[in-house]
Structure formats: structure tokens, C-alpha cells
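Chain residues, written in single-letter form:
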Amino acid sequence: MPARIYQRPKNAMQSGKARLDEWILDFAPAEARRPDPLMGWPGSGDTQAQVQLTFPSSAAAQAYAGKYGIEAEVHGTPPRKLKLQTYADNFR
């Protein structure tokens, strides 16, 4: 079952940087989602898609995947770009 390992992205709605150093292992869905016949909500019988494991580093996540034979692909984190400007720049 393939999985992906990535670093938690910063929440765009908040300025805090808590839990940004965590790495996450997510499993890819094994089957397609289909509408429930009674309610119409999408769902599937795949319980692995609900599992999200967190690790302190990328190496720890890769070691876990290697230990249990999980095919994992590591996605690097793009560098953060800060746009530094002063209030006076609004009037130039």
C-alpha cells in the first residue's frame, strides 16, 4: 500500500507556527469513494485512508515505513519566502 511522507504545512488562517516540525505519513486510498445508498454521503470501506501517523523527523517516518514494508514517497517542504516591507512602502 503506497503512502506519502510530508512535513505539516503552515495553517494559512493563523499566524502561529506550532507543530510545523512534525512529519506526517498518510496512506493513499486503496479504493474509490462511492455515495452511500441511504444518505448519499461519499465513503468507502478503506480504513487505511483514515490513518495519519506523525513523527518527529523524516528519518523516523522512513524508518517506520521500512520496518513495516510500506512503500513511501517523501515530499520535501518548499522553502518559505518572507516578504519584508514597512508601512511606508504602501505610499511609494
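Reading the values: rules and limits
- Residue numbers run consecutively from 1 along every chain, following the written order of its sequence.
- In view of the model being predicted, local features appear only for residues whose pLDDT reaches at least 70, and side-chain atom pairs are presented and counted only at 80 or more, with totals across whole chains, interfaces and linings using the full set of residues.
- Where side-chain values are given, they derive from all heavy atoms of the structure, hydrogens and water being excluded.
- Pairing of aromatic rings covers Phe, Tyr and Trp, the last through its six-membered ring, and needs centres within 6.5 Å; plane angles under 30 degrees mean stacked, over 60 mean edge-to-face, and all others mean tilted.
- Residue exposure (1.4 Å probe, protein chains only): buried if accessible area is under 20% of the type maximum, exposed if over 50%, otherwise partly exposed.
- Here, any two strands with at least 2 DSSP bridges between them count as paired.
- Per the convention used, a helix needs a DSSP run of H or I reaching at least four residues, while a strand needs a run of E reaching at least two, with both numbered from the N terminus.
- To obtain an axis, a line is fitted to C-alpha atoms, over the contacting stretch when the element is a helix, and the angle between two such axes runs from 0 to 180 degrees between their N-to-C directions.
- Contact criterion: two residues are considered in contact whenever any of their non-hydrogen atoms come within 4.5 Å of each other.

All chains considered together, the criterion is met by three aromatic pairs. A centroid spacing of 4.8 Å and a plane angle of 50 degrees characterise the contact between Y64 and Y68, whose relative ring orientation is tilted. Considering the side-chain rings of Y87 and F91, the 5.3 Å spacing of their centres and the 75 degrees angle between planes classify their relative orientation as edge-to-face. Across the pair, F91 and Y87 agree in class, each one exposed. Feature note: the residues F55, Y64 and Y68 constitute an aromatic cluster, connected by ring pairs.

Time to look at the sheet that holds strand β5 (residues 52-55). Judged by pairing direction, the sheet is mixed, and its four strands sit side by side in the order β5-β2-β1-β6 without closing on themselves. Two strands in the sheet have a free side with no partner beyond their single neighbour: β5 and β6 (71-75). Averaged over all pairs of adjacent strands, the angle between their axes in this sheet comes to 25 degrees, without regard to strand direction. Sheet analysis places strand β1 (residues 2-7) next to β6, joined by five bridges and oriented parallel. Within β6, the position partnered with P2 by the bridge is E71. Taken strand by strand, helix α1 (residues 58-67) contacts β1, β2 (23-27), β5 and β6, and its axis lies near 130 degrees from that of β5.

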